Amino acid sequence: MLHGNVEMHVATASANFHLLILWRYMAGCSGFNIKFSLQCGDMNHVQLLFDTSTKKTLPMYGAMMKGYIKNNLPKKVIDLFNEIKDPDRVIIILLFNACAQLGTNEELNLVKRILSNIPESLFLEPTLSSSLIHVFMKCGDVTSAKSLFDRSTKKTISMYGAMMKGFIINNLSKQAIDLFNEIKDPNEIIITLFFNACAQLGTEKELVLLRSISSKISNSFYSDPYVATSLIDAFMKCGDVTSAKALFDKSTMKTAPMYGAIMTALAKLGMLEKAESFVQKIPTSFLTDHRIQNALIHMWGKVGSVDEAKRIFEKISQPDHIAWTTMINSYGLNGMGIEAMKLFHQMPKEFINDLTYTCVLNSCSHSGLIDEARSIFNSIEAKTVITVTTMIDCLSRAAAFEEAQQLIKQFEHNHAPALPIYMALLSGARNEKNSKLAQQVVDRMQKLFPDLKSSLLPASILLANVYASSGDIEKATDIKIELHKSGGKKQIGITMTDIDGKLWKFRAHDQSHPYSAEIYEQVDRMSKEVIKHGHKYDASWIVRPMYADETIETLLCGHSERLAMVAHFIHHRKPKRIQLTKNLRICGDCHRVTKLVALIYQCEIVVRDANRIHHFHLNGQCSCQDYF
C-alpha cells in the first residue's frame, strides 16, 4: 500500500515538474505590438519534455496548445486536441483559437462538429462565446457569429470586442461602428477597434465620428500607445493628415508603432512628398530599430520608390525574415518580378515562410513569370490555402485555366475547399472576359460556401462585370438588381491624390469639388488629344447601362482615376510627376489613356491600384507591360 502511494506521489510530482517546465517555457514567449511579432521559445525542447512525460494532464495539454498557438502552429493544436478524451472549457477555447488562426472552411466545419456535441449552456458562457464568435468571424461565417451574439443574454465587453473585430476582418466596419454605439462604457480595446473600423471605411462621415468620439474620451486613453496609434492611423486613412500629425507631435512617448502608423498611412495614401518630409524627422536612434527599417522598406515600396526601399534594405547588416519578405514584396508590387525572384533565391532558407512564398509568387504573377512560379511552387513542401491561391492567380492571369482547375482538384483531395482560391480563378476569368467560366465558378462557390453570403458578394459583382465586359449588359443588370434586393452593396471606387500637400479624393463622375467645372473642361481637352494620338474608347470597360445623355467617351472619361489625374493639370499646367492611389483595379481603358497622357504631356505618372503599382513612363510605356 505504501509502495503504491509512493508510486502515485512520484508520478504526480513528475507530472507537476513537467508542467512547471512547460509553463516556464511558455511564459518566456511574448507577442509584440500590432504589426510585428517575436519568435519565441524552444519548442523542440518543450516537445521532448511533453513526449517523455508518462502522465499527461489536461493542464499540460493546455500548456502545449498555448505554445503551439504562440508559435503559429495551429495544426499541431488540432492534432493534440484529437488525443484528448474529455476536454474542458479551457482546452475547447484553445482549439477555437487555433481554428481561428487557420480560418478556413475545414476548421469551420470542425468547430461546428464540436459544438454539436456540447450543451448550449456551455458555449453560451461568455468566455467561450467570445472565442467562438472570433473563430466564426475568422472563418468568414458572420451569420453564425451574429446568431450566437444575439442569443446571448449576458453580453460582455469581450463579446462586443470579438464582434467588432470580426466585422472589421470581414470588411463590415459600418456594423462594427453600429455596435460600438450600443456600448455604454467602452474600454481601451473597444475604442481602438472603433478607430480601426473608421480607418477601414475612411470616408468624410467616419472622420466626423472620429473627431466627435476622440474629443469625448478621457485623456488617460491617449497614454495607451495602442489607442493613440490607432487614432493616428484612422485620421490618416480618413484623409486628415493635419490631425494625425498634430496628435503624433503632441505625444510625449512616441513609439515605433506610432512612426509605423504614419509611414504606413503615407504609403497607403501615396503622399510621396509628405513621406520624404516625415522620414527626415525620425530620430537617428529609431532608424537603427529593425521595425522602423522594415516599415521604411514597406513604405518606400508602396509609394513606388523602389530604389529607396533597396537602399534601406542594403544598409541592414543582418536583415530578418520580415525585411527580406518586405523587399521581395516591394519589387513585386512595382512590376520587378525578376528582381524579386533573384532576391528570393538569395534569402536564407530558414527565413522563408508562407508569406515569403506568397510574395514571390505574387511577384511572378504580376510579371508573367509563369515557369518561374511553377518551379517555386513545386518546391513548397506544405502548400497552404494562401500559396495555392497565389499560384491559381498566377495561372489564371496567364489564362491557363485548365491547369488552374486541375491544381484546385489536387488541393481539394486533402483539404477543404477555400473561397479565396475560387476568387482568384474568377478574377482570371474577368481578365479574359470569359463569362462561361465565370458563371461556373460562381455557381460552384455558392454550392460550396452557402453560409458565407457576405464573402460571396464580391464574386457576384465580379460576375456581373464579366457579363458586362463581354457585351451582355442585360445579364449584368439582372445580377445587380438581385444583389440590390438582397441588400448587397458594391464597393465604391475612389482615387486619391496629393496636390500641393492636400489630399484630394474622387469618385466616378464626381461633381463635388470646387474646381469641377475646370476639371471637366480639361477632361474634354485631354480626350481630344488622346484621340488625336490614336486612342479608341473601349466599351467593354462599361459595366452598367448608359443613360440617354451619355456616350462611351463621357462615361469612361468620368472614371475616378481620370478625374484625379486631370486635377493636377488644373493646378500645375505642366506637372512633372503625378501619383494616384485607387482602392479598386485600374480600368483597362484608363490604363491605355494614362500611357498616352504620360507620353503627350511628358509627365511621369504612378498609379497604385488594388493589385499593384503602375509606373507610366515618358515613352508611353507602363512598368506592367500591359500584363495586369
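None of these values were measured; they are calculated from a predicted model.

What counts, and where the lines are drawn
Residues numbered from 1 in each chain as written. Predicted model: local features only at pLDDT ≥ 70, side-chain atom pairs only at ≥ 80, totals over all residues. Heavy atoms only, no water. Helix = DSSP H or I, 4+ residues; strand = E, 2+ residues; numbered from the N terminus. Rg over C-alpha atoms; globule rule 2.2 N^0.38 Å. Buried < 20%, exposed > 50% of the residue type's maximum accessible area, 1.4 Å probe, protein only. Areas by Shrake-Rupley, 256 points an atom, 1.4 Å probe, with all protein chains shown as cover. Lys, Arg positive; Asp, Glu negative; His and termini not counted. Charge placed at Lys NZ, Arg CZ, Asp CG, Glu CD. Expected span 1.5 Å × (residues − 1). Phe/Tyr/Trp six-rings, centres within 6.5 Å; stacked < 30°, edge-to-face > 60°. Lys NZ or Arg CZ within 6 Å of the ring centre and 35° of its normal. Domains from an automatic or database assignment. Contact = heavy atoms within 4.5 Å. Buried area = accessible area lost by both parts, 1.4 Å probe. Salt bridge = Lys/Arg side-chain N within 4 Å of Asp/Glu carboxyl O. Nonpolar A, V, L, I, M, F, W, Y, C, P; charged D, E, K, R; others polar. Patch = residues over 30% accessible without salt bridge, like charges linked within 9 Å, V, L, I, M, F, W, Y side chains within 5 Å. Pairing = 2+ DSSP bridges. UniProt positions renumbered as here; feature names shortened; annotations may be inferred. Disulfide = S-S within 2.5 Å. Core = buried A, V, L, I, M, F, W, Y, C linked by side-chain atoms within 4.5 Å.

A count of helices and strands for the chain gives 34 helices and five strands. Over its C-alpha atoms the chain spans a radius of gyration of 26 Å, differing by no more than 12% from the 25 Å that the globule rule assigns to 628 residues. In terms of principal-axis extent, the alpha carbons of the chain reach across some 105 × 55 × 55 Å. Taking all 628 residues of the chain together, the buried fraction comes to 51%. When the accessible surface of the chain is summed, it comes to about 30100 Å², and 54% of that surface belongs to carbon and sulfur atoms. Here the chain contributes 71 positively and 63 negatively charged side chains, and the mean placements of these two sets differ by 2 Å.

This part is about helix α3 (residues 58-70). Compared with an ideal rise of 1.5 Å per residue, which puts 13 residues at 18 Å, α3 spans 18 Å between its outermost C-alpha atoms and is within 8% of the ideal. Listed as buried for α3 are M60, Y61, G62, A63, M64, M65, G67, Y68 and I69.

This structure, assessed with the given rule, holds 13 aromatic pairs. Taking 6.0 Å as the distance between ring centres and 20 degrees as the angle between the ring planes, the aromatic pair formed by W504 and F506 counts as stacked. Judged on exposure class, the residue W504 and its partner F506 are both buried. Every member of this aromatic cluster is reached through a ring pair, and the members are F248, Y259, F278 and F286. For K155, the ring lying beneath its charged end belongs to F149, and the centroid distance is 5.1 Å. The ring of F377 carries K383 above its face, with NZ or CZ at 5.1 Å from the centroid.

Looking at the assigned domains, one finds that the chain contains domain 1 (383-490) and domain 2 (494-616). The C-alpha-based centres of domain 1 and domain 2 are spaced at 28 Å. Taken together, the contacts link eleven residues of domain 1 with nine residues of domain 2. For the pair domain 1 and domain 2, the summed buried surface comes to about 750 Å²; carbon and sulfur atoms form 47% of the total. A per-residue breakdown of the area domain 1 buries against domain 2 is headed by R430, K433 and I473, which together make up 39% of the total. There are zero salt bridges connecting domain 1 and domain 2. Taken together, the elements giving at least two residues each to the side of domain 1 that touches domain 2 come down to α27 (419-431), α29 (453-469) and α30 (473-485). Of the residues that constitute the side of domain 1 that touches domain 2, the class distribution is two nonpolar, four polar and five charged.

Time to look at a positive patch on the surface. A contiguous patch of positive charge on the surface is contributed by R525, R573, K574 and K576. The topology assignment puts R573 in the loop between α33 (560-571) and β3 (577-582).

Our next topic: the pairing of strand β5 (residues 613-616). On a regular strand, each side chain points to the face opposite its neighbour's, so the side chains alternate between the two faces of the sheet. Residues I613 and H615 point to one face of β5 and H614 and F616 to the other, with burial holding for every one of them. Linkage of strand β4 (residues 604-608) to β5, two consecutive antiparallel strands, is achieved through a turn of four residues.

The next thing to look at is the UniProt feature "repeat: PPR" (unreviewed entry) in the chain. Feature annotation in UniProt assigns "repeat: PPR" (unreviewed entry) to the following positions: residues 320-350 and 353-387. Helix and strand shares over residues 353-387 are 77% and 0% respectively, and the end C-alpha atoms of the span are 10 Å apart.

On to the state of the cysteines. A full pass over the atoms with the stated rule returns zero disulfides. A disulfide-free cysteine, C99 has its sulfur positioned 6.8 Å from the sulfur of C139, the nearest such atom. In this structure C198 is a free cysteine whose sulfur lies 6.1 Å from that of C238, the closest cysteine sulfur available.

This part takes up helix α21 (residues 321-333). End to end, α21 covers 18 Å across 13 residues, agreeing with the expected 18 Å (1.5 Å per residue, within 8%). Burial analysis of α21 places ten of its 13 residues in the buried class, the great majority of the element. When α21 is considered as a whole, its buried residues turn out to be A323, W324, T325, T326, M327, I328, S330, Y331, G332 and L333. Of the surrounding elements, those touching the buried residues of α21 are α19 (290-302), α20 (306-315), α22 (337-346), α23 (354-367) and β5.

The positions that UniProt labels "domain: DYW" (unreviewed entry) are, in the present scheme, residues 534-628. Spanning residues 534-628, this segment combines 33% helix with 16% strand, and its end C-alpha atoms are found 22 Å apart.

The backbone of H509 shows a phi angle near 60 degrees, a positive value even though the residue is not glycine. Position of H509 relative to the elements: it lies in the loop between β2 (502-506) and α31 (516-532). Classification of H509 as partly exposed rests on a relative accessible area of 30%. The phi angle at Q625 is positive, at roughly 55 degrees, despite the residue not being glycine. In this structure, Q625 sits in the segment after β5.

Formed by 169 residues in total, the largest nonpolar core has its most connected members in F195 and W300. No other element matches helix α16 (residues 256-269), which puts ten residues into this core. Residue contributions to this core reach at least three from each of two domains, namely domain 1 (383-490) and domain 2 (494-616). Not counting residues up to four positions away in its chain, the partners in contact with W300 are L272, A275, E276, V279, S305, V306, E308, A309 and I312. Among the nonpolar cores identified, the runner-up in size contains 35 residues, and I519, L556, A567 and L596 belong to it.

What follows deals with the side chain of T358. Within the secondary structure, T358 is located in helix α23. Apart from residues lying up to four places away in sequence, T358 is in contact with I386, T387 and T390.

Right, let's get into the environment of K184. Tracing the chain through its elements places K184 in the loop between α11 (173-180) and α12 (188-201). A relative accessible area of 85% places K184 in the exposed class. In this structure, the C-alpha to C-alpha distance between K184 and I157, residues 27 residues apart in sequence, is 10.0 Å.

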